[in-house]
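Chains, contacts and geometry: an overview
The chain contents come next:
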Amino acid sequence: MGIETSCDETSVAILHDDTLISNITATQDVHASYGGVVPELASRAHTQNIIPVIHTALQYANLHKKDVNVVAFTLGPGLVGSLMVGISFAKSFAQALNLPIVAIDHLYAHVFASFIQFPNEKHEVPSFPFLCLTASGGHTQLLRVKDFTDIEIIGQTIDDAAGEAFDKAAKILGLPYPGGPLIDELAKKGNPFYFSFPKPKVADFQFSFSGLKTSLLYLVRDNLKDDPGFINKYKEHLAASYQRTIIEILTEKTFKAAETFGFKNIVLAGGVSANSELRKTFIDKGKELGYKIYIPPLSLTTDNGAMIAFLGKILYERGITSSLDVKQYATGEKYKKYHSKG
Ligand code: KG4
Ligand code: ZN
């Protein structure tokens, strides 16, 4: 069983070997009008959702809680209050049933979402080593992945994450949170070359998105002075042009890293990998330049319990578990010290 509560999705999945037999997510609509996740509201909603989501996940898998043999859960990074709900539940559940627990790093879990199989629908999974671009609401990283437990950061954002850039743009355009899927839809009807936005000048494999967001803000603000209907008239072109810029930044950096470090396999992960144009761009460019591209199915791009269950299963099979005194962390990568072997 995998339990994910790091941000605003309460998600529980059950995996049998590599195959996903249930993955139930309660999305929190309470944040829509705030332009971002409100931590107190998120933890409250997790508390309300966790039991029904566990129950539904077991029911969907046609299993009883006694059939579960390992409990994996997100330890961090994430919102402290949100993490605590999932962690406390996982510990109590495991203790009551005398089960081992495995604490999982949310970012590592995203990386391996492409490995998860669905019943009656087997796909080719990435082979090691690979380059992974994880682009989510909280992080944007290029990773060298040699194994499930051997991951190294090649570069990351120095300010906003790519998903944050989508969400902030949506807010500027008066759209609710999360903005990524809405920008994606609007962009389909717009001209991606109608507006041009400057690209950040940062070192090779670093990213920066806060300047891009500010240039959209200024463009909109300046035009609204002469034309109060500017956003409404141009929202499709604004979305398409802004999205094109993000995709160009992500694509250029990733393929440059693949060439520089000699990777043949590229994995795309995180919520932003749900973006239809980004998926298409990576697949087309992979074909053109001779790279193998792996992207998780849409249901496993944004936060989900399945990716937690999957990495939990891998670690458990290697004899790695966690003790009941593990503690959540908001940032960074601290979970390795919470694992013991044997
Ligand atoms: O991985 P994720 O669910 O949560 C974090 O770990 O942060 O990513 C959520 C992010 C949000 O910023 C959301 O706007 C973005 O993923 N996102 C998208 C799309 N679907 C979700 N961004 C662009 N296009 C999409 N279709
Ligand atoms: Zn995530």
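Just so it is clear, the structure is predicted and the values come from calculations on it, not from any experiment.

Attention shifts here to the nonpolar core. Membership of the largest hydrophobic core comes to 45 residues, with the highest contact counts inside it found for Phe209, Ile246 and Leu250. Secondary-structure elements contributing two or more residues to this core are strand 6 (130-135), helix 4 (162-172), helix 5 (180-187), helix 6 (210-226), helix 7 (230-261), strand 9 (265-269) and helix 8 (276-289). Counting residues per element, this core draws most heavily on helix 7, at 13 residues. Excluding anything up to four places from it in sequence, phenylalanine 209 contacts Thr140, Thr157, Asp159, Asp160, Ala161, Ala162, Ala165, Ile246, Ile249 and Leu250. Within the second largest apolar cluster, 34 residues are counted, among which are Tyr108, Cys132, Leu300 and Ile308.

Looking now at helix 1 (residues 39-60). An ideal rise of 1.5 Å per residue puts 32 Å on 22 residues; helix 1 measures up with 29 Å between its terminal C-alpha atoms. Taken as a whole, helix 1 carries its principal kink of about 40° at asparagine 49; the proline proline 52 stands between one and four residues after it. The complete set of buried residues in helix 1 reads Ala42, Ser43, Ala45, His46, Asn49, Ile50, Val53, Ile54, Ala57 and Leu58. Asparagine 62 lies just past helix 1 and shows a positive phi near 60°.

So, on to the domain arrangement of the protein. Domain parsing of the protein yields domain 1 (2-118 + 300-341) and domain 2 (130-296). Centre-to-centre, using C-alpha coordinates, domain 1 lies 26 Å away from domain 2. Across the contact, 24 residues belong to domain 1 and 25 residues belong to domain 2. Of all residues in domain 1, the largest losses of buried area upon contact with domain 2 belong to Leu107, Val111 and Thr301, amounting jointly to 28% of the total for that side. Our count for the domain 1 to domain 2 interface comes out at 1 salt bridge. A salt bridge links arginine 318 to aspartate 147; the nearest nitrogen and oxygen atoms lie 2.7 Å apart.

Okay, unusual backbone geometry next. Cis geometry is found at the peptide bond from phenylalanine 128 to proline 129, where omega equals -5°. Tracing the backbone shows proline 129 in the loop between helix 3 (106-111) and strand 6. The linkage connecting tyrosine 177 with the following residue, proline 178, adopts the cis geometry, with an omega of -5°. Considering the arrangement of structural elements, one finds proline 178 in the loop between helix 4 and helix 5. Of note in the backbone geometry, asparagine 98 takes a positive phi value of approximately 60° without being a glycine. As for its position among the elements, asparagine 98 is in the loop between helix 2 (80-97) and strand 5 (101-105). Classification of asparagine 98 as exposed rests on a relative accessible area of 71%. In this model, asparagine 120 sits at a positive phi of 60°, which is unusual for a non-glycine residue. Mapping asparagine 120 onto the fold places it in the loop between helix 3 and strand 6. Relative accessible area serves as the criterion here: at 84%, asparagine 120 is assigned to the exposed category.

Counted according to the given criterion, the structure contains 17 salt bridges. The closest approach of N and O atoms between aspartate 227 and lysine 233, which form a salt bridge, is 2.8 Å. Classification of lysine 233 by relative accessible area gives exposed; the value is 53%. As a salt-bridge pair, glutamate 317 and lysine 313 come within 3.1 Å of each other at their nearest N and O atoms. Of this pair, glutamate 317 and lysine 313 are both found in helix 9 (residues 305-317), 4 residues apart, which corresponds to roughly one turn of the helix. A residue is classified by how much of its surface remains accessible, and glutamate 317, at 54% relative accessible area, is exposed. By relative accessible area, lysine 313 is classed as buried at 17%.

Listed as protein donors to the zinc ion (ligand 2) are His106 (NE2), His110 (NE2) and Asp303 (OD); their distances from the metal cover 2.0 to 2.1 Å. Of note, the zinc ion (ligand 2) draws all its donor residues from one chain, in the sequence arrangement H-x3-H-x192-D. In this pair, histidine 106 sits in helix 3 while aspartate 303 sits in the loop between strand 10 (292-294) and helix 9, placing the two residues 197 residues apart along the sequence. A residue is classified by how much of its surface remains accessible, and histidine 106, at 7% relative accessible area, is buried.

Taking burial as the measure, the 5 residues of strand 5 include 5 buried ones, the bulk of the element. Here strand 5 shows two buried faces, one formed by Ile101, Ala103 and Asp105 and the other by Val102 and Ile104. With 5 bridges joining them, strand 4 (residues 71-76) and strand 5 adopt parallel strand pairing. By the bridge assignment, phenylalanine 73 is partnered in strand 5 with alanine 103. Traced from strand 4 through helix 2 to strand 5, the parallel crossover comes out right-handed.

The rules behind each value
Each chain carries its own residue numbering, running from 1 in the direction its sequence is written. By the order in which they are written, chains take letters starting at A while ligands take numbers starting at 1. Selection of residues for local features in this predicted model requires a pLDDT of at least 70, selection of side-chain atom pairs for listing and counting requires 80 or more, and totals for whole chains, interfaces and linings are taken over all residues. Computation of side-chain values covers all heavy atoms of the structure but excludes hydrogens and water. Note on terminology: a nonpolar core comprises buried Ala, Val, Leu, Ile, Met, Phe, Trp, Tyr and Cys residues joined through side-chain atoms within 4.5 Å. Each residue gets one of three labels from its accessible area relative to the maximum for its type: buried under 20%, exposed over 50%, partly exposed in between, using a 1.4 Å probe on protein chains only. Counting from the N terminus, the helices are DSSP H or I runs at least four residues long and the strands are E runs at least two residues long. Pairs of residues are marked as contacts when any of their non-hydrogen atoms sit within 4.5 Å. Helix span, as expected, comes to 1.5 Å for every residue beyond the first. Two axes define the bend at a residue: one fitted to the seven residues ending there, one fitted to the seven starting there, and the bend is the angle between them. Domain start and stop positions are those given by an automatic or database domain assignment. What counts as buried area is the accessible surface, traced by a 1.4 Å probe, that two parts surrender upon association, with contributions from both included. One speaks of a salt bridge when a side-chain nitrogen belonging to Lys or Arg is within 4 Å of a carboxyl oxygen belonging to Asp or Glu. Here a donor is an N, O or S atom found within 2.8 Å of the metal, or within 3.2 Å if the metal is Na, K or Ca; sites may look incomplete because water is not among the atoms. A pair of strands is labelled paired if DSSP reports no fewer than 2 bridges between them. Crossover handedness is defined by viewing with both strands directed away from the observer: a clockwise path from the first strand over the helix to the second marks the crossover as right-handed.

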